[in-house]
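Chain by chain, the residues run as shown.
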Amino acid sequence: MLSVGRPDVHQCDSGWVPVYTDAQKSLALMSIGFLLEDPDEAVVWRGPKKTAMIGQFVSDVAWGELDVLLVDTPPGTSDEHLAVLENLKKHKVDGAILVTTPQAVSTGDVRREITFCKKTGVRILGIVENMSGFVCPHCSECSNIFSKGGGEELAKLTGSVFLGSVPLDPLLSTSIEEGKDFIQSFPDSATFSAISSISQTLLDSLQTA
């Protein structure tokens, strides 16, 4: 997705060296996928082992000075989420960004995640509605094949900030598959405008927190 392939993870005095996406080292990554010998290997671990690995990713990676640390977690309210919060307790956790699709089955899951955030004292930075319509690659018209507005309605019902909607866009999908920078390649697209607006709103929120 970020065109880093299967890099080797090296050790330094401070721990694991993260994988960088560019020569300027502006974006650093760490993933369990980098540590597997076989890319098709399944990670079948019980809770304690997963919790220990999450702790290592927080404390044993030589992150250096960061502007933002973004932890991408699977949907749900499982041990992984609790482990992330526990290991970041000594740091300032700015909050959580919740992503849903418009359908009720997805907003129901995110509603439970909102309850999780409230119970654990995590600030909700906002809700993003993904797959919000389909952008035709030929005429750029947007069709709501998965319905629309579920994320915004959920934000209203729960008193959360609605950050915006991101449509299904074949150009974005192709860019991700090929490891290309979508924002640089298609700066005039409606999808770029949506992503840019969401990102800027989040940055402004973090700076004023």
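What counts and how
- Residues numbered from 1 in each chain as written.
- Predicted model: local features only at pLDDT ≥ 70, side-chain atom pairs only at ≥ 80, totals over all residues.
- Heavy atoms only, no water.
- Helix = DSSP H or I, 4+ residues; strand = E, 2+ residues; numbered from the N terminus.
- Rg over C-alpha atoms; globule rule 2.2 N^0.38 Å.
- Buried < 20%, exposed > 50% of the residue type's maximum accessible area, 1.4 Å probe, protein only.
- Contact = heavy atoms within 4.5 Å.
- Areas by Shrake-Rupley, 256 points an atom, 1.4 Å probe, with all protein chains shown as cover.
- Lys, Arg positive; Asp, Glu negative; His and termini not counted.
- Charge placed at Lys NZ, Arg CZ, Asp CG, Glu CD.
- Pairing = 2+ DSSP bridges.
- Axes fitted to C-alpha atoms, helices over the stretch in contact; angles between N-to-C directions.
- Left-handed = near helix turned anticlockwise from the far one by under 90°.
- Nonpolar A, V, L, I, M, F, W, Y, C, P; charged D, E, K, R; others polar.
- Expected span 1.5 Å × (residues − 1).

Caption draft 1: Structural context of the overall build of the protein. Within the protein, the regular secondary structure consists of 7 helices and 8 strands. Relative to the 2.2 N^0.38 estimate, which gives 17 Å for 209 residues, the radius of gyration of the protein is 18 Å and therefore close to what a compact globule would have. A burial count over the protein gives 31% of its 209 residues as buried. For the protein, the share of sequence-separated contacts (at least 6 apart) that also reach a separation of at least 24 residues comes to 65%. Surface accessibility of the protein: about 13400 Å² in total, with carbon and sulfur atoms responsible for 53%. The distance from the centre of the 16 positive side-chain charges to the centre of the 27 negative ones in the protein is 9 Å.

Caption draft 2: Region of interest: the environment of Asp8. Along the chain, Asp8 falls in the segment before strand 1 (11-12). As a C-alpha pair, Asp8 and Thr77 span 69 residues in sequence and 31 Å in three-dimensional space.

Caption draft 3: Quick look at the pairing of strand 6 (residues 124-135). For strand 6, a buried count of 9 out of 12 residues is recorded, marking the element as mostly surrounded by other parts of the structure. In terms of strand pairing, strand 5 (residues 96-100) meets strand 6 through 5 bridges, oriented parallel. Paired with Ile97 across the two strands is Gly126, which belongs to strand 6. When strand 6 meets strand 8 (residues 162-168), the two strands line up parallel, connected through 5 bridges. Following the sheet pairing, Phe134 is matched in strand 8 by Leu168.

Caption draft 4: Molecular detail of the packing of helix 3 (residues 104-120) against helix 4 (residues 150-158). Interaxial distance between helix 3 and helix 4 falls to 11 Å at its minimum, and their mutual angle equals 35°. Read as a crossing pair, helix 3 and helix 4 show a hand that is right-handed. On helix 4, the residues touching Thr107, Val110, Arg111, Ile114 and Lys118 of helix 3 are Gly150, Gly151, Leu154, Leu157 and Thr158. For the contact of helix 3 with helix 4, the class distribution of residues is 4 nonpolar, 4 polar and 2 charged.

Caption draft 5: Broad picture of helix 3. Given a rise of 1.5 Å per residue, 17 residues ought to cover 24 Å, and the 24 Å separating the end C-alpha atoms of helix 3 matches this to within 8%. Of all the residues in helix 3, the buried ones are Ser106, Thr107, Gly108, Val110, Glu113, Ile114, Phe116 and Cys117. Packing partners of the buried residues in helix 3 comprise helix 2 (79-87), strand 5, strand 6 and helix 4. A positive backbone phi angle near 75° is found at Gly121, which sits one or two residues after helix 3.

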